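A structural walkthrough
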Amino acid sequence: MAKPTTVSSDSPALDVATPEGKKPLAGLGGPAGWLDDRVGLAKLSKGNLRKVFPDHWSFLLGEIALYSFIILLLTGVFLTIWFKPSMAEVEYQGTYQLLRGLPMSEAYQSTLTLSFDVRGGLLVRQVHHWAAMLFVAAATVHMLRIFFTGAFRKPREINWLIGIGLLSMALIEGFAGYSLPDDLLSGTGLRFVDGLIRSIPIIGTWAEFLVFGGEFPGTIIVPRLYMVHILLVPGLLLALIGAHLALVVYHKHTQYPGPGRTEKNVVGYPLFPVYMAKAGGFFFIVFGVTVLMGTFLSINPVWKFGPYTPNQITAGSQPDWYMGFVEGAIRIFPPIEWHLGHTTWSWQIFLPGVGMLGLLFGGLAAYPFIEAWITGDKSEHHLLDRPRNAPTRTSFGVAGITWYAMFWIAGGNDILANTFGGSLNAITWAMRFAVWVAPVLAFIITRRACMSLQRNDQDRVLHGAESGVIVRTPDGGYYEDHMPIPTDEAYTLTQHAEYPSLEPTAAVDENGVPMPAQVTKRRARVRDWFFRANLAKPSADEIAAAHSHGDEAHEVEASDEHKAVSQH
Amino acid sequence: MSSEVEVTRSHPVPDPGIPEHVERWVDVDPAASRRAERQIAACFGAVPLLALGFIVVYFFVPKTWAIQFAGLHAQAQNFWLGLLGGVAILLVGIGAVQWARLIMGDHEISEERHPAGSTAEDREQALDEVHEGITQSDLPRRKLISTTLKIALPSLALPALVTLLDMGPWPGPGMRAATIETTIWAEGVHLVTDVTYRRIKAVDMVVGELVNAAPENIQDLNNDPAAKAAATAKAAIIIVRMDPNTIKIPQSRKDWQVDGILCYSKICTHVGCPISLWEHQTHHLLCPCHQSTFDLGNSGVVVFGPAARSLPQLPITTDSEGYLVARSGFTVPVGPSYFERDSTHDYQNGDN
Ligand code: HEM
Ligand code: FES
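No experiment lies behind these values; they were computed from the predicted model shown. Going along each chain's sequence as written, the residues are numbered from 1 onward. Each chain is given a letter, starting from A, and each ligand a number, starting from 1, according to the order in which they appear as written. Only residues with pLDDT of at least 70 are given local features in this predicted model, and only at 80 or more are side-chain atom pairs given and counted; all residues enter the totals for whole chains, interfaces and linings. Side-chain descriptors were evaluated using all non-hydrogen atoms of the structure, hydrogens and water having been removed beforehand.

1. A short note on unusual backbone geometry
Of all residues except glycine, most have a negative phi; of all peptide bonds, most are trans. The residue after K154 of chain A, namely P155 of chain A, is reached through a cis peptide bond having omega 5°. Looking at the secondary structure, you find P155 of chain A in the loop between α5 (121-149) and α6 (157-179). Following F272 of chain A, the chain continues into P273 of chain A via a peptide bond in cis, with omega recorded as 5°. Each helix is a run of DSSP H or I of at least 4 residues and each strand a run of E of at least 2, with the numbering of both proceeding from the N terminus. Its place among the elements puts P273 of chain A in helix α10 (residues 271-296). For I202 of chain A, which is not glycine, the phi torsion reads 70° and is therefore positive. Along the chain, I202 of chain A turns up in the loop between α7 (184-198) and α8 (204-212). In this structure, D138 of chain B takes a positive phi of about 65° despite not being glycine.

This is the structure:
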């Protein structure tokens, strides 16, 4: 196949032809001209309108997060029209028969009103809750995409940190929202938070009294969480998302490696109109899907749980999914509590509760800097890594996911015990070990898997793809015929960067004067370990040799067809 | 930039360049192109109809109607509003995406990247400007101004933080003693069932039974829902009757019970869930939140799970008519731990 070897951005082939005749905004008259006179519209949009965005399904994950946030804002505003953030007690007299005459908080009552008396209210409530689930899920998977492809590397470390801020804020936002209706489940969740805050060493009781305005439950926590949920955190989220997107525009999007894609360019479709139509359309698709989920899938049916009363609970109560890992840590942590003098230190709540969140988000925030220290790599990266080509990072990622998953599963230890008939005791003990062992296994397995995937890549480049054709040689042997892979693919499989191992530099220069060691022995060792699973890619000579060798071996059998394909 | 470390990107297979543009079906077949146009227009065209349907449902489907269909039970209004609205929104999206995919030109274009950092020249210029500004401000020579300003700004943060200290009462020793360290249980308070507030006769309880109960004086708080909720959150109890021959009763708690009827706080010592699951053969009480398990046949000690302290026991006896009544309040604070809690008086396995 003939291909252009180089592409220059101003080559005529790339110019999108403008139809002869009148331009749509000839002369910038009308409102556009009016605006331009005042704010320099043309100056602002010039060059930016045709900004290039690369296309890949995994780039949609961040978009899903963004769009579900917009859906949350829209549906949330509708909910504020009816919701009353008040813990004052009223007697329910609304449409839902089963709760009539019961005392409950105004917050819970207004949630029932929204669900049964406001037309469309239930729909909007359910869409809001589904969008919240989607928001956290999409942001999480988006983060994993960033992690596994190395998009967090220079110059995007700040955007990674903003992303971590966004994710942690998303959890707080979700939890605050979950607590607002003041039903039995949300009240139980709040009581848990009360216990959690209390457990903070030294200042816990003070923090509890300030946050709850005194003893649990008090009357002020729901109004306060309401402020957090509709003003404080959304405001911070908006500001952070703004900064996040501004940086994406400034850095220009990363791209996957492939023919014509380099560290110095970005290949894709222009913002206006293609990307705008795709992204705008995708917003409506995400919105439409969440509306349909809100229609068909019931979520958080608070009327079934009843109003919160501090002496009741339902068995098998579970937080929303994204809190499951904290729940699991709390469940399996051994009961370590110190009773020193007249004080009590509840490590078994503080460490898995507060400490676990700190460890997760702290670890995530630190990772780009740790990796940069290990590799010593100070260059900018705009081409994404294929995860197999960064085996140690990929293994860390899979180990992290496994770690998270083990805690998450432990959060359902009672459900596990019920479903599989095991003893709760045994399952809890098994999980206590699993959270340590499973990540290590995951790390080892992933590293091996990455290496065999790399070997597979090498094979494809050197010997081609299996053709599925079994060939019998004249002397009776069999082998599977291989077809050379397209050059585009061969390029993609061999373009990645390599990190040769480093010699520790001397701590003294040639005149014996001490100087700061550029590469210490320890650093060189860690770096070697980090890149140990990176296989060297075949050289141009090796590829050429393998191909000519292959051609000879197959000469006898090669059909005309085969020949045609291999002439690239 | 300092390249103490080498990153090499060799290209054993030379870059073939951006793949040649491949025509789409719609680019070469005018009929397909027209079909695509019609499909997209159909998506957009259906939207006003669906929107109209939404409005009709809003006004004419009463909220009492329900839909029963193959095990599905839904409010008809919710169902139709969601279905029509959701599909309408979805169609706008599908139309737009198809328009971009099938009609808009799909030539990939390439744009150059520039390093994120400024050029050396820009840096130089910026530094010059900063230098000029600093010189003009005369700060380097006016140490007094810069020092006082450096103190002034942070000192503004303190008043801002201090104003937050009134978010709640301060849990000093007196406040703690009046709130989290006490309950409304006291000597002579009757144990009553938690929903109907009926007194409980010792002889009416059978072995193996568990009763959720409350202090009788909780009803005094009926006019103050907030106080009642706070009191309930701590004073909730469970009463169990076990065969006295199968349980361990320490010497010090001999007269805290009535013929194997024992009373414990219902509030888990872990993070405070109300405990509810009772296995009467083993005398184990399981918290549904994180599965802490307490042995009520052994003064409430923890036998499993993340809780670290025994469940506080309420000393009870009977009044002259045989009704269960408290001998005193709880002897230790109930509920989850907090820093200032003196946990040396809690019952430990083997205590007497
Ligand atoms: C909470 C809501 C979030 C929203 C609304 C959001 C939105 C977006 C969008 C629309 C993009 C561009 C498309 C893409 O790369 O997928 C993006 C890029 C990016 N996001 Fe997020 N994101 C969120 C959370 C996160 C998280 C949790 C992280 C990581 C910890 C993160 C890190 C990044 C980075 C580093 C980029 C630049 C990636 C690149 O150019 O390849 N974001 N974000
Ligand atoms: S609250 Fe009871 S085990 Fe956690």
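2. With respect to the pattern of salt bridges
Residue and element names in this part refer to chain A. The salt bridge definition used is simple: a Lys or Arg side-chain nitrogen within 4 Å of an Asp or Glu carboxyl oxygen. All told, the structure shown has 25 salt bridges over all chains when counted by the stated rule. A salt bridge links E371 to R393; its shortest N-O distance comes to 2.9 Å. Here E371, found in helix α13 (residues 347-375), pairs with R393, found in helix α14 (residues 391-410); they are 22 residues apart in sequence, far enough to count as distant. Burial classes follow relative accessibility: with a 1.4 Å probe on protein chains only, a residue under 20% of its type's maximum area counts as buried, one over 50% as exposed, and anything between as partly exposed. The exposure class of R393 is buried, given its relative accessible area of 2%.

3. Concerning the pairing of strand β7 (residues 465-472) of chain A
Any two strands with at least two DSSP-identified bridges between them are counted as paired. As paired strands, β7 of chain A and strand β8 (residues 478-483) of chain A are joined by five bridges and run antiparallel to one another. Note that in β8 of chain A the partner of A465 of chain A across the bridge is M483 of chain A.

4. So, helix α18 (residues 521-531) of chain A
Residue and element names in this part refer to chain A. R523, A524, R527, F530 and F531 are the residues of α18 that are buried. The buried residues of α18 all sit within an arc of 125° when viewed along its axis, so they share a single face. The exposed set on the far side of α18, more than 90 degrees from its buried face, consists of K521, R522 and R525. Tucked into the core, α18 has its buried residues touching α13, α14 and α16 (424-463). Our arc is simply the arc of the directions from the helix axis toward the C-beta atoms. Any pair of residues with heavy atoms lying within 4.5 Å of one another is described as a contacting pair.

5. Considerations on the domain arrangement of chain B
Residue ranges for the domains originate in an automatic or database domain assignment. Domain boundaries in chain B define domain 1 (21-107 + 121-167) and domain 2 (174-326). The C-alpha-based centres of domain 1 of chain B and domain 2 of chain B are spaced at 53 Å.

6. Focus: the nonpolar core
Here, the term nonpolar core denotes a set of buried Ala, Val, Leu, Ile, Met, Phe, Trp, Tyr and Cys residues that are joined through side-chain atoms within 4.5 Å. I71, F135, W160, I221, L237, F407 and M431 of chain A are the most contacted members of the largest nonpolar core, which has 111 residues in total. The contact partners of I71 of chain A, leaving out residues within four places of it in the chain, are G76, V127, A131, F283, V286, F287 and T290 of chain A. Counting residues in hydrophobic clusters, the runner-up holds 20 residues, among them A213, V258, L314 and F330 of chain B.

7. Examining the packing of aromatic side chains
Residue and element names in this part refer to chain A. Only the six-membered ring of Trp is used, alongside the rings of Phe and Tyr, when aromatic pairs are assigned; centres must lie within 6.5 Å, and planes under 30 degrees apart are stacked while those over 60 apart are edge-to-face, with the rest tilted. What the rule picks out here adds up to 38 aromatic pairs over all chains. With centroids separated by 5.0 Å and ring planes inclined at 70°, the aromatic side chains of F116 and W303 adopt a geometry described as edge-to-face. Here F116, found in helix α4 (residues 106-116), pairs with W303, found in helix α11 (residues 302-305); they are 187 residues apart in sequence, far enough to count as distant. With relative accessibility at 14%, the residue W303 sits in the buried group.

8. Comments concerning the domain arrangement of chain A
It is common to give the size of an interface as the accessible area lost on bringing the parts into contact. Residues and elements named next belong to chain A. Each assigned domain of chain A is listed here: domain 1 (12-45), domain 2 (53-313) and domain 3 (451-566). Placing a centre on the C-alpha atoms of domain 2 and another on those of domain 3 gives a separation of 46 Å. With five residues of domain 2 at the contact, the number on the domain 3 side is five residues. When domain 2 packs against domain 3, the two sides together hide about 360 Å² of surface, and 61% of this comes from carbon and sulfur. Defined here as a combined quantity, buried area equals the accessible surface (1.4 Å probe) lost by two parts on assembly, summed across both. Ranking the residues of domain 2 by area buried against domain 3 places P257, G258 and P259 at the top, with a combined share of 82%. Taken together, the links from domain 2 to domain 3 amount to zero salt bridges. In protein, a polar contact requires one atom able to donate a hydrogen and another able to accept it; more generally it is a pair of N or O atoms within 3.5 Å, and residues adjacent in sequence count only if both atoms are side-chain atoms. Taken together, domain 2 and domain 3 are joined by zero residue pairs in polar contact (both at pLDDT 80 or more). Charged residues are taken to be Asp, Glu, Lys and Arg, nonpolar residues to be Ala, Val, Leu, Ile, Met, Phe, Trp, Tyr, Cys and Pro, and polar residues to be all remaining types, Gly included. Classifying every residue of the side of domain 2 that touches domain 3 gives two nonpolar, one polar and two charged.

9. Examining the site of ligand 1
All names here are of chain A. Inspection of the region around ligand 1 gives 25 residues, with H142, R145, H244, H253 and T254 positioned closest. H142 is positioned with one of its side-chain polar atoms (N or O) 2.7 Å from a nitrogen atom of ligand 1. One of the side-chain N or O atoms of H244 is found 2.6 Å from a nitrogen atom in ligand 1. Residues belonging to the shell around ligand 1 are distributed by class as follows: 15 nonpolar, seven polar and three charged. Think of it this way: one heavy atom of a residue within 4 Å of a molecule or strand is enough to make that residue near it.

10. Comments concerning the side chain of H381 of chain A
Position of H381 of chain A relative to the elements: it lies in the loop between α13 and α14. Discounting residues that sit within four places of it in the chain, H381 of chain A has contacts with R153, K154, P155, R156, E263 and Y499 of chain A.

11. Digging into the state of the cysteines
Residues and elements named next belong to chain B. Cysteine sulfur pairs qualify as disulfides if the two atoms are within 2.5 Å. By the definition in use, this model includes one disulfide over all chains. The partner cysteine of C273 in its disulfide is C289, sulfur to sulfur 1.9 Å. The chirality of the disulfide connecting C273 with C289 is left-handed, given an S-S dihedral of about -80°. Here C273, found in the loop between β7 (261-265) and β8 (277-279), pairs with C289, found in the loop between β9 (284-286) and β10 (293-295); they are 16 residues apart in sequence, far enough to count as distant. Pair check on accessibility: C273 and C289 agree, each one buried.

12. A word on the coordination of the iron atom of ligand 1
Ideal geometry at a metal centre gives angles of 109.5 degrees when four donors are arranged tetrahedrally and 90 or 180 degrees when six donors are arranged octahedrally. All names here are of chain A. Coordination sphere of the iron atom of ligand 1, protein contribution only: H142 (NE2) and H244 (NE2), at 2.1 to 2.2 Å. Every donor counted, the six donor atoms about the iron atom of ligand 1 form angles of 77 to 180° at the centre, which fits irregular coordination. Of this pair, H142 sits in helix α5 while H244 sits in helix α9 (residues 221-251), placing them 102 residues apart in sequence. A residue is classified by how much of its surface remains accessible, and H244, at 14% relative accessible area, is buried. With water excluded from the atoms, a metal site may look incomplete; its donors are any N, O or S atoms within 2.8 Å, or within 3.2 Å for Na, K and Ca. Note on geometry labels: four donors, all angles 85 to 135 degrees, give tetrahedral; four donors become square planar and six octahedral when opposite donors are over 155 degrees apart and every other angle is between 65 and 115; remaining cases are irregular.

13. Let's talk about the environment of G150 of chain A
Residues and elements named next belong to chain A. Tracing the sequence through the fold places G150 in the loop between α5 and α6. Judged by its relative accessible area of 3%, G150 falls in the buried class. Between the C-alpha atoms of G150 and L292, which are 142 residues apart in sequence, the distance is 35 Å.

14. Here's the deal with the sheet that holds strand β4 (residues 265-270) of chain A
The three strands are arranged β1(A)-β4(A)-β3(B) in an open sheet whose pairing can be described as antiparallel. A single partner strand is all that each edge strand has here, and the edge strands are β1 (52-53) of chain A together with β3 (109-112) of chain B. Direction of pairing for β1 of chain A relative to β4 of chain A: antiparallel, over a ladder of two bridges. In the strand pairing of β4 of chain A, V52 of chain A is matched with P270 of chain A. For helices, the fitted line uses only the C-alpha atoms of the stretch in contact; every axis is such a line through C-alpha atoms, and the angle between N-to-C directions lies from 0 to 180 degrees. Across the sheet, α10 of chain A touches β1 and β4 of chain A, and the angle it forms with β4 of chain A is around 75°.

15. Some details on the sheet that holds β7 of chain B
All names here are of chain B. Pairing in this open sheet of four strands is antiparallel, and the strands run β4-β5-β6-β7 from one edge to the other. Edge positions in the sheet fall to β4 (191-193) and β7, since each of these pairs with one other strand and no more. Averaged over all pairs of adjacent strands, the angle between strand axes in this sheet comes to 40°, irrespective of strand direction. By the bridge criterion, four bridges tie strand β5 (residues 210-215) to strand β6 (residues 237-241) in an arrangement that is antiparallel. Paired with N212 across the strands is I238, a residue of β6.

16. Examining the interface of chain B and chain A
Listed by partner, the interface residues are 105 residues for chain B and 133 residues for chain A. For the pair chain B and chain A, the number of links is five salt bridges. Where R261 of chain A meets E108 of chain B, a salt bridge forms, and the shortest distance between an N and an O atom there is 2.9 Å. Linking chain B to chain A there are 35 residue pairs in polar contact (both at pLDDT 80 or more). Mapped onto the side of chain B that touches chain A, the elements with two or more residues apiece are α2 (30-60), α3 (76-103), β3, α6 (173-178) and α7 (225-235) of chain B.

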